[in-house]
Amino acid sequence: MSEKTTYKSAGVDVEEGERFVRLIKPLVESTYGESKISPLGGFAGAFPLDTDTFREPLLVSATDGVGTKLKTAFSARKFDTIGIDLVAMSVNDVITCGAKPLFFLDYLATSKLDSEQAAEVVKGICEGCVQAGCVLIGGETAEMPGFYAEGEFDLAGFCVGVVEKDLYIDGAGVGPGDALIGLASSGLHSNGYSLARKVFFDIGDYSIDSKPQSLSKTLGEELLEPTVIYSRVVLGLCGEFDVKALAHVTGGGIPGNLSRVIPDGLFAAIDSKSWQAAPIFDLIMKTGNISRDEMYSTFNCGVGMIAVLPREQAEEALSFTRNLSEAAYLIGEIKKTGTPGPKVRIL
């Protein structure tokens, strides 16, 4: 008599999924704080919006993944920080509107669920939520046999925040003379990894455990350095200063992202000598024989977030960020444009 066919024999282990939920339950609940959240395991998550606090609240949302940085995590077999990156990519987008992150959801898809591996990922997601000041309200784990390579998975994240309508930041007030404050990145964050991996592992013939002379860590450790979550410093700046625009420096680098908040008729003049980028960027540039323009249009090159505010507030804003232990630099100013040209010009 032939063996009966089951869902497990087709590659989906429901019991492993239930075990995974048991493993992550205390991690997820650690993000709740005093918020009254619906219990983990339901069909949807509920979050209480304190309507007494807001006059005209706007909900702000963002979604993103971590791209091929996951490939580096697979090579290093290290999964406890990639979740921080996942939270950072969406949270850092939400705060560019001046919005406070409220809650986060994740989506993890894999061919075969490994509960310990997935729990390490969720550990990082929870740490990211704590750093961001938001709640991990729910998520989805999809087991899809044969869809992903063995031992690999994909991630997506979703964040919702809130801001008063009259405090919403969209760049409309940006004008000539405004200062550009750059907040330091921790490294590559979560962009440009397809190029970085080609440079290091194909052209440079490095391994994940190599330790180039210019780096203080192994290449794997450097490439897996988590993305900075800027919610504390950015919301602090918005509360203390007249922040007119914010740009999260992701794919497209400083030119591709800062240009999105510069009104027509103006351009941002960036002084590239006003900050010191981490050695990893110079190593990529030299190993891959990459042009300066290509570097700036692919990587953050040391600046992960840019705030535009009145010039007279710049020095005080710099002191404010440094008091929060965030490295920050005056990297340029907004100018009128007299001739056609790009909205971001790096000098």
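Note that the structure is predicted; figures quoted are calculated from it, not measured. (Residues numbered from 1 in each chain as written. Predicted model: local features only at pLDDT ≥ 70, side-chain atom pairs only at ≥ 80, totals over all residues. Heavy atoms only, no water.)

A. Expanded view of the pairing of strand β2 (residues 100–110). Judged by how many residues are buried, β2 sits mostly within the fold: eight of 11 residues are covered. Note: β2 against strand β4 (residues 153–164), 10 bridges, orientation antiparallel. The residue of β4 that forms the bridge with Pro-101 is Gly-161. Note: β2 against strand β3 (residues 135–143), eight bridges, orientation parallel. Residue pairing across strands places Ala-109 opposite Ala-142, the latter belonging to β3. A crossover connection joins β2 to the parallel β3 through helix α4 (residues 115–132); in handedness this β-α-β unit is right-handed. (Buried < 20%, exposed > 50% of the residue type's maximum accessible area, 1.4 Å probe, protein only. Helix = DSSP H or I, 4+ residues; strand = E, 2+ residues; numbered from the N terminus. Pairing = 2+ DSSP bridges. Right-handed = clockwise from strand over helix to strand, strands pointing away.)

B. Looking closely at the sheet that holds strand β6 (residues 245–248). A sheet is described by the order of its strands in space; here six strands give the open sequence β6-β8-β5-β9-β7-β10, paired in mixed fashion. Where the open sheet ends on each side, the last strands, each with one partner, are β6 and β10 (344–346). Strand-to-strand twist in this sheet, taken as the mean axis angle between neighbours without regard to direction, amounts to 25°. (Axes fitted to C-alpha atoms, helices over the stretch in contact; angles between N-to-C directions.)

C. Spotlight on unusual backbone geometry. A positive phi is found at His-189, a non-glycine position, where the angle reads about 60°. With respect to the helices and strands, the residue His-189 is situated in the loop between β5 (179–184) and α5 (193–203). One non-glycine residue, Asn-289, lies in positive phi territory at about 50°. Here Asn-289 is to be found in the loop between α9 (279–288) and α10 (292–298).

D. Quick look at the sheet that holds β2. Taking strand neighbours across the sheet as the criterion, the four strands line up as β1-β4-β2-β3 in an open arrangement whose pairing is mixed. In the strand order of this sheet, the two ends are held by β1 (57–64) and β3, each with one partner. Going from strand to strand, the sheet's axes swing by 15° on average, the running direction of each strand aside. Pairing of β1 with β4 involves eight bridges; the strand directions are antiparallel. Note that in β4 the partner of Ser-61 across the bridge is Val-160.

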